[in-house]
Amino acid sequence: DARVTQTPRHKVTEMGQEVTMRCQPILGHNTVFWYRQTMMQGLELLAYFRNRAPLDDSGMPKDRFSAEMPDATLATLKIQPSEPRDSAVYFCASGLPTGSDTGELFFGEGSRLTVL
Amino acid sequence: SQKIEQNSEALNIQEGKTATLTCNYTNYSPAYLQWYRQDPGRGPVFLLLIRENEKEKRKERLKVTFDTTLKQSLFHITASQPADSATYLCALATGGGNKLTFGTGTQLKVEL
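Remember, it's a predicted structure, so these values are computed and weren't measured experimentally. (Residues numbered from 1 in each chain as written. Chains lettered and ligands numbered in written order. Predicted model: local features only at pLDDT ≥ 70, side-chain atom pairs only at ≥ 80, totals over all residues. Heavy atoms only, no water.)

Asker: Whenever I open this one, the overall build of chain A confuses me. Can you help?
Answerer: Looking only at helices and strands, chain A features zero helices and 11 strands. In chain A, the succession of α and β elements from N to C terminus is β-β-β-β-β-β-β-β-β-β-β. Along the longest, intermediate and shortest principal axes, the C-alpha atoms of chain A span 40 × 30 × 25 Å. In chain A, buried positions account for 47% of the 116 residues. Surface exposure of chain A reaches about 5900 Å², of which carbon and sulfur atoms provide 50%. Charge centroids of chain A, computed over 12 positive and 14 negative side chains, lie 3 Å from each other. (Helix = DSSP H or I, 4+ residues; strand = E, 2+ residues; numbered from the N terminus. Buried < 20%, exposed > 50% of the residue type's maximum accessible area, 1.4 Å probe, protein only. Areas by Shrake-Rupley, 256 points an atom, 1.4 Å probe, with all protein chains shown as cover. Lys, Arg positive; Asp, Glu negative; His and termini not counted. Charge placed at Lys NZ, Arg CZ, Asp CG, Glu CD.)

Asker: Looking at this model, I keep getting lost on the pattern of salt bridges. Mind explaining?
Answerer: Once their charged atoms are close, side chains differing in charge can pair, the charge on each being opposite to the other. Applying the stated criterion across every chain, the model contains 11 salt bridges over all chains. Close ionic contact of Glu109 of chain A with Arg42 of chain B constitutes a salt bridge, the shortest N to O distance being 2.6 Å. Of the two residues, Glu109 of chain A is situated in the loop between strand E10 (105-107) and strand E11 (111-115) and Arg42 of chain B in the loop between strand E4 (32-38) and strand E5 (45-51); the pairing between them involves two chains. Accessibility expressed as a relative area gives 27% for Glu109 of chain A, which makes it partly exposed. (Salt bridge = Lys/Arg side-chain N within 4 Å of Asp/Glu carboxyl O.)

Asker: Looking at this structure, I do not really get the interface of chain A and chain B. What am I missing?
Answerer: How big an interface is tends to be reported as the loss of accessible area on association of its parts. In this complex, chain A contributes 25 residues to the contact, which on the side of chain B involves 19 residues. Taken together, both faces of the contact between chain A and chain B bury some 1600 Å²; the carbon and sulfur share is 49%. The largest per-residue losses of area from chain A upon contact with chain B belong to Leu43, Phe107 and Glu109 of chain A, which jointly make up 26% of the total buried on that side. Our count for the chain A to chain B interface comes out at two salt bridges. Residues Lys99 of chain B and Asp56 of chain A are paired through a salt bridge, measuring 2.4 Å at the closest nitrogen-oxygen approach. Inspection of the chain A/chain B interface yields six residue pairs in polar contact (both at pLDDT 80 or more). Broken down by secondary-structure element, the contributors of at least two residues to the side of chain A that touches chain B are strand E4 (31-38), strand E5 (42-50), strand E9 (88-95) and E10 of chain A. Broken down by class, the residue content of the side of chain A that touches chain B amounts to nine nonpolar, 10 polar and six charged. (Contact = heavy atoms within 4.5 Å. Buried area = accessible area lost by both parts, 1.4 Å probe. Polar contact = N/O pair within 3.5 Å; in protein donor to acceptor, adjacent residues only side chain to side chain. Nonpolar A, V, L, I, M, F, W, Y, C, P; charged D, E, K, R; others polar.)

Asker: Can you walk me through the side chain of Glu104 of chain A in this structure?
Answerer: You can see Glu104 of chain A is positioned in the loop between E9 and E10. Buried within the structure, Glu104 of chain A lacks any salt-bridge partner; its nearest side chain of opposite charge belongs to Lys59 of chain B, at an N-O separation of 7.5 Å. Among residues more than four places away in sequence, those in contact with Glu104 of chain A are Ser94, Gly95 and Leu96 of chain A together with Gln34, Tyr36 and Phe46 of chain B.

Asker: When you look at the sheet that holds strand E3 (residues 19-24) of chain A in this model, what are you seeing that I'm missing?
Answerer: Where strands meet in a sheet, backbone hydrogen bonds hold them as pairs that are either parallel or antiparallel. All names here are of chain A. Read across the sheet, four strands follow the order E1-E3-E8-E7 without closing on themselves; strand pairing throughout is antiparallel. Of all the strands in the sheet, just strand E1 (5-7) and strand E7 (65-71) have a single pairing partner and so form its edges. Ignoring which end each strand starts from, the neighbouring axes of this sheet average 20 degrees apart. As judged from the three bridges shared by E1 and E3, these two strands associate in the antiparallel manner. Looking at the pairing, Thr7 lines up with Arg22 of E3. (Pairing = 2+ DSSP bridges. Axes fitted to C-alpha atoms, helices over the stretch in contact; angles between N-to-C directions.)

Okay, structure coming up:
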C-alpha cells in the first residue's frame, strides 16, 4: 500500500530551536509539495519540487525556512530558528508525473508542530 | 487579488439528504479543479477531478459541476450518511504541472 510517510508526527519545541521535518514520497512520483495548514489560513503552499528541483518556494519565509530533496526518496523542510507563529500542521504531498490522468496529490498524515 | 472561497460555516444536514458545497474563485483560470476530503488529524484525500472543458463529473454518490463563466464549482453528495461527515476542500490547478491552491474547506456534518 503506497503512501507518503512523514516524520515526526508531532513535535513540540521551544522558540529559537531548529526543526526538521522529513517526507518520503510515493515511489515513482516526481512532484513533491510542502503545505502548511492552520485554522486561519487553511492549506498554504510552501514549496514545490519536480524531479527534485525546486520550482516554486514563493510561499515560504526565506529567512527561516528551507526545503530540499537530497534524493528522490527524501524531502526535508527545515525551520531555523523556529517561532511560535510557525505552529501548524505541515503536510507533504506527492504526485504522479505531469500529464497523468488525474493530477491528484497524495498527502501524508502531517507533522503537527508546536513552538512554545 | 486571487481568492478561492468556500463556505466557512459548517453545513449540517440530515442523513439521506443531498449535501451541496460551493467553491467560488476569482482571478484564476484553472485547467482543472479537484475536491478532497479531510478527516480530523489526517491528510486530505482526493475525491474527484473535473477539467475546464467538462461541465459535470460523477463518481458513485458524488457529483461535481464546474462553471468557468461563473467561476464556481458545486460538490454534491447524494443520500448522505454520517460517515460523510468531514471537511471538504476544493483545489485549483494554478500553475504548471499539478500545483494546487486550496480553499479553506467546508465542514460537513451529517446527522441521524
